[in-house]
Amino acid sequence: MARNKFDQDEVLESPFQWKHLKRAFQYIRRHRTQMLLALGLSILASIASLYTPKIMEWVLDEAVPNKDVQALLHWAVIFTVLIAISIVFTLIRSRIMAYVSQEIIYDIRKDLFHHLQKLPFSYYDSRPAGKILVRVINYVNSVSDILSNGIINSILEIINIAVIVVFMFSLDVTLASVIIAGLPIFIAIVWILKPRQRKAWQMQSNKNSNYNAYLAESIDGVRLSQIFARQEENCSIMKRLAEACRVAWMRAIYVSNAVWLSSETLTQIVFTFLYIAGVYWMGGKIVSFGVILAMGSYVSRFWQPITNLANIYNSFVNNIAYLERIFETMDEPVEVADAPGATQLPPLTGEVCFDHVNFGYEEGQTVLQDLNLHVRPGERIALVGPTGAGKSTVVNLLCRFYNLRGGKITLKCADGSEQDISQVTLESLRSQLGIMLQDSFIFSGDILSNIRYGRLDATEEEIIAASKAVCAHEFIDQMPMRYQTPVNERGSGLSQGQKQLIAFARTLLSDPKILILDEATSSIDTKTERLLQQGIEALLKGRTSFIIAHRLSTIKSCDRILFIGDGGILEAGNHEELMAKKGRYYELYTAQMQAA
Amino acid sequence: MQPIRWLWGCADKKSHVRIIAALVISAVTSLMLLVNPSLTATLVDEVIIAENPEPLLGILAVMLIVKLVREGTRYLMIVLLETASQNTVYDLRRILFAKLQFQDTRFFDRNRTGDLMTRMSADLDWCRHFISYMDYAVVDCVFMFLGTLILFFCISWKLTLCLAVVTPILMLITKLYSGKVRPLFVAMRERLSEMNTAAQENIAGNRVVRAFAREKYEEEAFERRNAAFRDSQLAINKMWLSFYPFIELLANSMTVITVFLGGFFIILGEITPGELTIFTQLSWALSNPMRQLGNLINDTQRFATSATKVMELYYGRPHIADRSDAVDHADMQGAIAFKNVTFHFDRQEVLHDISFEVKPGQTLAIMGPTGSGKTTVINLLARCYDVSSGVVEVDGCDVKSWKLQQLRGHLGVATQDVFLFSDTVEGNIAFGNQSLTEEQVHDYARIADADEFIRKLSDGYDTLIGERGVGLSGGQKQRIALARALAMEPRILIMDDTTSALDSETERYIQEQLRHLPFPCTKIIIGQRISAVKDADQILILQDGKITERGTHEELLKNRGYYWETYALQNDLPVEGGAA
């Protein structure tokens with residue numbers, strides 16, 4: 001598995017491709033009506049403002065010399081009305097475009113988040129969380145403007161340029177050619193700068209992502225850093241990362257700003273040549289006074305949109321580095337997905353069958369080999385064995401967190417059918433399983449909402465009942481705000497055992513047909529554990545359960561104990577049978593009893 | 001404005017020089033914009049109308065030079081500001097990161113990761129934006145506006161006064177709009193932080209999400225945040241658009257006043273047509289800065305909102321820090337004493353009147369029900385929290401008088417919640433002690449019985465393990481965490497439920513190894529299993545924050561209390577008659 005560390009740049013797999021643009025265009029296309037409307041309004045607004053110089057001309061050439069105050073007022077009113085119209089059009093356009101740009105980033109973010117929900121554990125396991133986060137939040141924010149206003153403005157500028165070009169050429173072809181002659185040079189400059197610029201911004205986004213990754217990790221692991229008195233070392237790592245950000249940014253800045261610098265310079269050079277050419281021709285009476293004046297003003301009116309375009313292009317190249325990252329994430333393959341035509345899993349009986357199951361987390365690695373297991377409804381199964389033998393893997397496969405390498409797992413349903421877990425929807429599968437994971441994650445919110453996560457429509461009474469069953473009610477009741485006590489990811493005030501109890505209540509509340517407890521009570525004291533076992537006894541009736549535990553005393557009463565090792569089941573039977581067998585389980589059990 | 005003063009204070013001397021130089025360039029070059037239009041007028045008068053090509057090249061050369069100098073210095077200006085802003089942000093990142101590293105546990109109990117991330121990324125970026133762009137944009141606008149006004153004033157003070165009339169209106173609008181839009185920016189910043197938190201927790205808790213098939217629920221919850229963020233942006237836009245027509249009208253009024261009132265003034269004979277031409281040609285130099293106003297107000301408010309958030313971090317002081325009279329301890333013996341320690345967390349009593357002593361080299365075990373305060377004892381010893389009353393002493397000296405780095409530098413904690421970093425296995429083990437040789441790292445891994453499985457990983461000790469060590473089993477993580485604690489070569493080794501996910505064989509092996517550590521140390525073991533605690537010199541039973549039993553294994557068994565009961569439960573002995 002290719003893993004990534006906070007200070008490693010993520011190599012972008014694909015070179016720049018137009019498909020990114022095409023893809024971005026799909027987000028824009030949903031709003032094409034609004035965007036066309038906005039474009040139309042912009043054009044109308046600029047037509048309205050096009051007339052204003054004309055009016056100024058009339059006023060200064062006719063009304064003023066004639067000392068016609070009446071006409072002056074008359075034109076002033078028309079002028080103001082035109083401006084007002086232009087303002088109203090611009091206003092509507094701004095409002096539309098604000099919606100469009102917000103909708104675009106809303107959609108991109110939604111799709112990105114949606115895809116993240118489908119990605120396999122291995123995706124999350126192989127990179128720092130901060131690198132994923134920065135894509136969802138920061139990168140998406142960055143691309144919004146370029147995909148909305150950036151596009152409209154480029155179209156407007158292109159229209160502008162086209163209009164000016166027509167005007168220029170209709171006026172004087174030679175001088176117009178002089179003005180346009182600068183363009184190939186400019187395009188050449190942009191072309192040369194482009195790869196450097198792209199590389200520089202990619203580098204910058206990489207460094208920024210590294211910075212964020214380390215930041216997130218440092219905040220989450222801050223307690224550890226403090227206890228290990230590691231802060232100074234961490235600060236020097238951060239210094240290195242921040243330094244890399246700064247260097248990458250500055251490198252990008254030097255290149256990026258060269259674009260407008262060259263377009264502004266070229267504008268003036270073109271202007272110079274225009275006048276030299278104009279006056280030279282004028283000497284031969286070729287070009288009229290009015291023409292050269294007009295052409296002079298066209299220089300800036302032609303080159304200004306070009307400069308604007310260059311700026312838009314600039315931020316485009318800058319943001320495409322982010323866009324690539326976003327799409328790259330959306331392209332991450334979904335390993336475990338609903339099969340085509342996957343059906344809803346009907347209510348289960350609790351009967352489970354592992355049929356010649358093979359599995360390894362990575363290519364060439366074998367964790368489970370030819371595992372066969374048949375579990376009757378309501379049976380209580382314990383999985384024991386050395387650390388790392390694959391106990392968790394067995395239940396992970398049942399939940400279909402990973403796809404099998406071979407064989408199949410089937411579940412018996414109440415309607416009599418047998419369903420292969422790879423042929424039913426993930427949602428319908430997992431919602432009938434209750435899995436208590438080794439690490440008990442607490443979401444920020446209150447205790448109530450954390451337990452309710454198991455079943456969203458659970459009433460408060462049901463939540464309290466579940467808490468009572470797992471012996472969590474007592475301590476929750478003693479907290480300052482009881483079930484409303486705010487908690488967060490880091491637990492704030494909850495001990496590890498208490499977090500585990502909350503997670504346990506959450507699992508129980510989901511009312512699963514098959515219950516999976518992976519070291520569910522490892523941090524809980526023996527007495528509470530026993531009380532908990534009594535408390536959930538009634539709840540376990542009629543449910544199939546898989547229990548993974550190291551403390552064998554907690555699983556002694558299970559219907560069947562499976563000793564997992566060497567990629568399969570080495571021993572199976574109830575406690576008495578296995579003890580009589582005097583095999584691996586017997587060794588493990590007696591060792592534990594002696595130790596105590 | 002306070003945020004600006006703060007930011008200026010954060011920039012170093014060199015950055016100050018750079019910023020001032022850049023702003024001078026900005027002021028001068030914004031005025032230079034007025035030069036070329038005037039030269040064009042000269043060009044028209046003297047070359048074209050006069051049909052005299054002689055001064056042409058001269059004027060063109062001057063114009064080209066003016067332009068080149070202007071754009072060249074503008075480029076320099078941008079480089080100066082970018083450098084200054086990058087250096088300042090670089091410093092801020094370092095300073096704020098250090099602040100975070102040294103903030104106390106309570107701070108992190110209160111602040112969500114997502115919010116802290118927002119401060120350190122998006123909010124800091126607005127500080128960068130302020131230095132690299134906003135300051136010169138303001139100077140540009142002000143100088144262009146004032147410069148033009150002065151130029152106009154020299155030509156016709158009457159007409160200029162009429163133009164200047166809008167200035168107070170402009171100021172009023174600025175004030176009004178700033179006040180109205182500020183709370184919207186604060187709200188938007190909150191929505192951003194909430195969205196960040198939602199995404200961050202979804203990523204961190206992705207296993208739980210999958211396990212409960214809550215993807216749809218998470219998506220809906222995130223979409224709500226996503227939509228709230230969008231709406232908060234739109235609210236700002238709406239507010240802006242309600243002011244936009246007025247600002248735009250005022251900007252355009254520059255042209256209207258110039259042309260029509262100017263025309264009227266010509267009729268009255270107040271000014272000449274030639275003078276009005278200059279007015280009309282340069283009226284953009286008044287209206288453009290006004291058009292910029294809206295953006296500048298928005299950016300300023302956004303900056304102020306973000307800077308305030310960053311300043312909170314910047315000025316935040318941890319409650320737990322080295323006291324000025326902290327004593328220097330070159331070494332630690334490992335003697336621990338809790339004297340009548342009571343501790344409250346959020347008004348709730350967690351520990352009550354705890355007293356015990358451990359001599360150097362001894363082993364203390366703590367056992368007790370979930371939530372009885374076992375880990376809190378460790379937290380107080382490491383001074384993650386300060387006691388509410390009583391004293392915690394190490395080597396006969398109050399931990400509050402120790403230097404934190406020295407105190408913690410001698411502790412080796414194998415924490416209950418195993419947090420691993422996205423680093424190599426070796427990097428994780430040597431986390432607290434980088435001076436270790438590779439050989440030593442392997443030795444400590446061997447003591448923690450981790451060497452064998454580590455060698456089986458794809459790249460052995462150089463295998464990158466993801467954050468939180470996902471991909472490793474619970475027992476494997478615990479052993480790496482133990483090796484990490486051992487690698488500190490601590491004077492006090494703390495094992496907080498370190499062997500709970502280990503099978504008993506492994507546990508016994510590790511216990512045996514711990515008896516022959518290559519360094520002397522006091523040990524504190526927190527455990528639920530009798531096997532983990534029974535060999536300790538002293539065992540404390542903690543219930544509801546109070547010590548209810550204490551003694552050796554044998555003594556406690558005679559006691560027939562909680563310890564005996566646990567012993568009985570774990571050994572399948574009948575419990576009746578016990579103090580249940």
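Since the structure is predicted, the reported quantities are computational estimates derived from the model, not experimental observations. Within each chain, residue numbers correspond to sequence positions counted from 1 in written order. Chains and ligands are labelled by the order in which they are written, letters from A for the one and numbers from 1 for the other. For this predicted model, a pLDDT threshold of at least 70 governs which residues receive local features, and a threshold of 80 or more governs which side-chain atom pairs are given and counted, while totals over whole chains, interfaces and linings are taken from all residues.

### Considerations on the overall build of chain A
Selection rule: Each helix corresponds to a stretch of at least 4 residues labelled H or I by DSSP, and each strand to a stretch of at least 2 residues labelled E; elements are numbered beginning at the N terminus. Only C-alpha atoms enter the radius of gyration, while the globule expectation follows 2.2 Å times N to the 0.38, with N the number of residues. Three exposure classes are used. Buried residues have 20 or more other C-beta atoms within 10 Å of their own C-beta, exposed residues have 12 or fewer, and partly exposed residues fall in between, all C-beta atoms being placed from the backbone. Note on contacts: each residue gets a C-beta atom placed from the backbone, and two residues are in contact if those atoms are within 7 Å.
For chain A, the count of helices and strands is 19 helices and 12 strands. Compactness check: chain A gives a C-alpha radius of gyration of 35 Å against a globular reference of 25 Å for 596 residues, more than 25% above the reference. Taking the principal axes of its C-alpha atoms as reference, chain A extends roughly 120 × 55 × 50 Å. A buried classification covers 47% of the 596 residues belonging to chain A. Considering only contacts within chain A whose residues lie at least 6 apart along the sequence, 80% involve residues at least 24 apart.

### Points about the overall build of chain B
Scanning chain B from N- to C-terminus turns up 22 helices and 12 strands. For a compact globule of 580 residues, the expected C-alpha radius of gyration is about 25 Å, and chain B comes in at 35 Å, more than 25% above that figure. Considered along the principal axes of its C-alpha atoms, chain B spans approximately 115 × 50 × 45 Å. Counting only residues that meet the buried cut, chain B has 49% of its 580 residues in that class. Residue pairs at least 24 apart in sequence account for 76% of intrachain contacts in chain B once pairs closer than 6 positions are excluded.

### A word on helix H7 (residues 173–220) of chain A
Note the following rule: The span one expects for a helix is its residue count, reduced by one, times 1.5 Å. Fitting one axis to the seven residues ending at a residue and another to the seven starting there, the bend at that residue is the angle between the two axes.
Over its 48 residues, H7(A) runs 67 Å from end to end, which matches the ideal 70 Å to within 8%, given 1.5 Å per residue. Within H7(A), the axis deviates most sharply at Lys194(A), by approximately 35°, and proline Pro195(A) lies no more than four positions further along.

### Observations concerning the interface of chain B and chain A
For clarity, the threshold we go by: Only Asp, Glu, Lys and Arg are considered charged, only Ala, Val, Leu, Ile, Met, Phe, Trp, Tyr, Cys and Pro nonpolar, and every remaining residue, Gly among them, polar.
Of the residues lining the interface, 138 residues belong to chain B; the matching set on chain A comes to 132 residues. For the side of chain B that touches chain A, the element with the highest residue contribution is helix H10 (residues 215–268) of chain B, accounting for 25 residues. Here the side of chain B that touches chain A is built from residues that sort into 63 nonpolar, 44 polar and 31 charged.

### A few points about the sheet that holds strand E10 (residues 544–548) of chain A
Consider a sheet: its strands pair through backbone hydrogen bonds, and that pairing is either parallel or antiparallel. Residue and element names in this part refer to chain A. Going by this rule: Strand pairing is assigned whenever DSSP identifies at least 2 bridges connecting the two strands. All axes here are fitted lines through C-alpha atoms, helices being fitted over the stretch that makes contact, and every angle between N-to-C directions spans 0 to 180 degrees.
Pairing within the open sheet is mixed, and its 6 strands lie in the order E6-E9-E10-E3-E11-E12. Either end of the sheet is taken by a strand with one partner, and the two such strands are strand E6 (433–436) and strand E12 (568–573). On average, each strand axis in the sheet is tilted by 15° relative to the strand beside it, whichever way the strands run. Looking at chain direction, strand E11 (residues 560–565) and E12 are connected through 5 bridges and run antiparallel. Looking at E12, one finds that Ile564 is bridged to Ile569. Across the sheet, helix H11 (residues 391–398) touches strand E3 (380–384), strand E9 (514–518), E10 and E11, and the angle it forms with E10 is around 150°.

### Some points on the sheet that holds strand E5 (residues 397–398) of chain B
All names here are of chain B. With respect to topology, 4 strands assemble into an open sheet ordered E2-E1-E4-E5, the strand pairing being antiparallel. The sheet is open, and its two edges are formed by strand E2 (348–358) and E5, each paired on a single side. Bridge count for strand E1 (residues 336–345) against E2 is 7 bridges, and the pairing is antiparallel. If you follow Phe345 over to E2, its bridge partner there is Gln348. Sitting on the sheet, helix H13 (residues 374–381) is in contact with E1, E2 and strand E4 (389–394), with an inclination near 110° to E1.

### Quick word on the packing of helix H5 (residues 129–147) of chain A against H7(A)
Helix-helix packing is characterised by the crossing angle of the two axes and by the distance between the axes. All names here are of chain A. The test is simple: With respect to orientation, any angle under 35 degrees is reported as roughly parallel, any angle over 145 as roughly antiparallel, any angle of 65 to 115 as roughly perpendicular, and every other angle as oblique. Take the far helix as your reference; a near helix turned counterclockwise from it by less than a right angle gives a left-handed crossing, and one turned clockwise gives a right-handed crossing.
As a packed pair, H5 and H7 sit with axes 7 Å apart at the nearest point and diverge in direction by 120°. The angle between H5 and H7 falls in the class oblique. For H5 against H7, the interelement crossing comes out right-handed. Where H5 approaches H7, its residues Ala129, Gly130, Lys131, Leu133 and Val134 are matched on the opposing element by Ser209, Asn212, Ala213, Leu215, Ala216 and Glu217. Its residues assigned to classes, the contact of H5 with H7 shows 6 nonpolar, 3 polar and 2 charged.

### A word on the confidence of the model for chain B
All names here are of chain B. Inclusion rule: Known as pLDDT, the predictor's per-residue confidence is scaled from 0 to 100.
Here chain B shows a mean pLDDT of 86. Residues at 70 or above account for 98%. Taking the mean pLDDT of every element in chain B, the minimum, 76, falls on helix H3 (residues 35–49) and the maximum, 93, on helix H2 (residues 13–32). In the predicted complex, the global pTM is 0.84; the interface-specific ipTM is 0.84.

### A few points about the packing of H2(B) against helix H6 (residues 113–155) of chain B
Residues and elements named next belong to chain B. In contact at an axis separation of 8 Å, H2 and H6 are set at 35° when each is read in the N-to-C sense. Note that H2 runs across H6; the crossing there is right-handed. Mapping the contact onto sequence places Ile19, Ala22, Leu23, Ser26, Ala27, Ser30 and Leu31 in H2 and Ile131, Asp135, Tyr136, Val139, Asp140, Phe143, Met144 and Gly147 in H6. Grouping the constituent residues of the contact of H2 with H6 by class yields 10 nonpolar, 3 polar and 2 charged.

### A few points about the environment of Arg506(A)
Residues and elements named next belong to chain A. Counting through the fold element by element, Arg506 comes out in helix H16 (residues 496–509). Expressed as a C-alpha distance, the spacing of Arg506 and Ser440, which sit 66 residues apart in the sequence, is 10 Å. Apart from residues no more than four positions distant in its own chain, Arg506 is found in contact with Asn450, Ile451, Tyr453 and Gly454.

### Brief notes about the pairing of strand E11 (residues 538–543) of chain B
All names here are of chain B. Sheet analysis places strand E3 (residues 363–367) next to E11, joined by 4 bridges and oriented parallel. In the strand pairing of E11, Ala365 is matched with Ile539. Bridge count for E11 against strand E12 (residues 546–551) is 5 bridges, and the pairing is antiparallel. The residue of E12 that forms the bridge with Gln543 is Lys546. In this structure, the hairpin formed by E11 and E12 is closed by a connection of 2 residues, where Asp544 is found at a positive phi of approximately 50°.

### Focus: the nonpolar core
For the record, the criterion: Connectivity within a nonpolar core runs through C-beta atoms within 7 Å, and the core itself is a set of buried Ala, Val, Leu, Ile, Met, Phe, Trp, Tyr and Cys residues. Each domain span listed reflects an automatic or database assignment of domains.
Within the largest apolar cluster, 215 residues are counted, with the highest numbers of intra-cluster contacts made by Leu133(A), Val470(A) and Ala505(A). At 17 residues, helix H3 (residues 69–116) of chain A tops the list of elements feeding residues into this core. For this core, the two domains that each supply at least three residues are domain 1 (171–333) and domain 2 (347–432 + 518–523 + 555–596) of chain A. Not counting the four nearest positions on each side in its chain, Ala505(A) is found in contact with Ile451(A), Ala466(A), Ser467(A), Val470(A) and Ala472(A). Leu364(B), Leu380(B), Val399(B) and Leu464(B) belong to the second-largest nonpolar core, a separate cluster that totals 80 residues.

### Focus on helix H12 (residues 284–315) of chain B
Over its 32 residues, H12(B) runs 44 Å from end to end, which matches the ideal 46 Å to within 8%, given 1.5 Å per residue. At Leu293(B), H12(B) shows its maximal kink, close to 35°.

### Considering the pairing of strand E4 (residues 406–413) of chain A
Residue and element names in this part refer to chain A. The pairing of strand E1 (residues 348–359) with E4 spans 6 bridges and is antiparallel. Of the residues in E4, the one forming a bridge with Cys353 is Thr410. The pairing of E4 with strand E5 (residues 418–420) spans 3 bridges and is antiparallel. Paired with Thr410 across the strands is Asp420, a residue of E5. Counting the residues between successive antiparallel strands, the hairpin from E4 to E5 contains 4 residues, one of them, Gly416, with a positive phi of roughly 95°.

### A word on unusual backbone geometry
Phi at His356(A) is positive, roughly 50°, even though this residue is not glycine. As for its position among the elements, His356(A) is in strand E1. Of note, the phi angle at Asp449(B) is positive, near 55°, even though the residue is not glycine. Here Asp449(B) shows up in the loop between helix H16 (438–447) and helix H17 (451–456).

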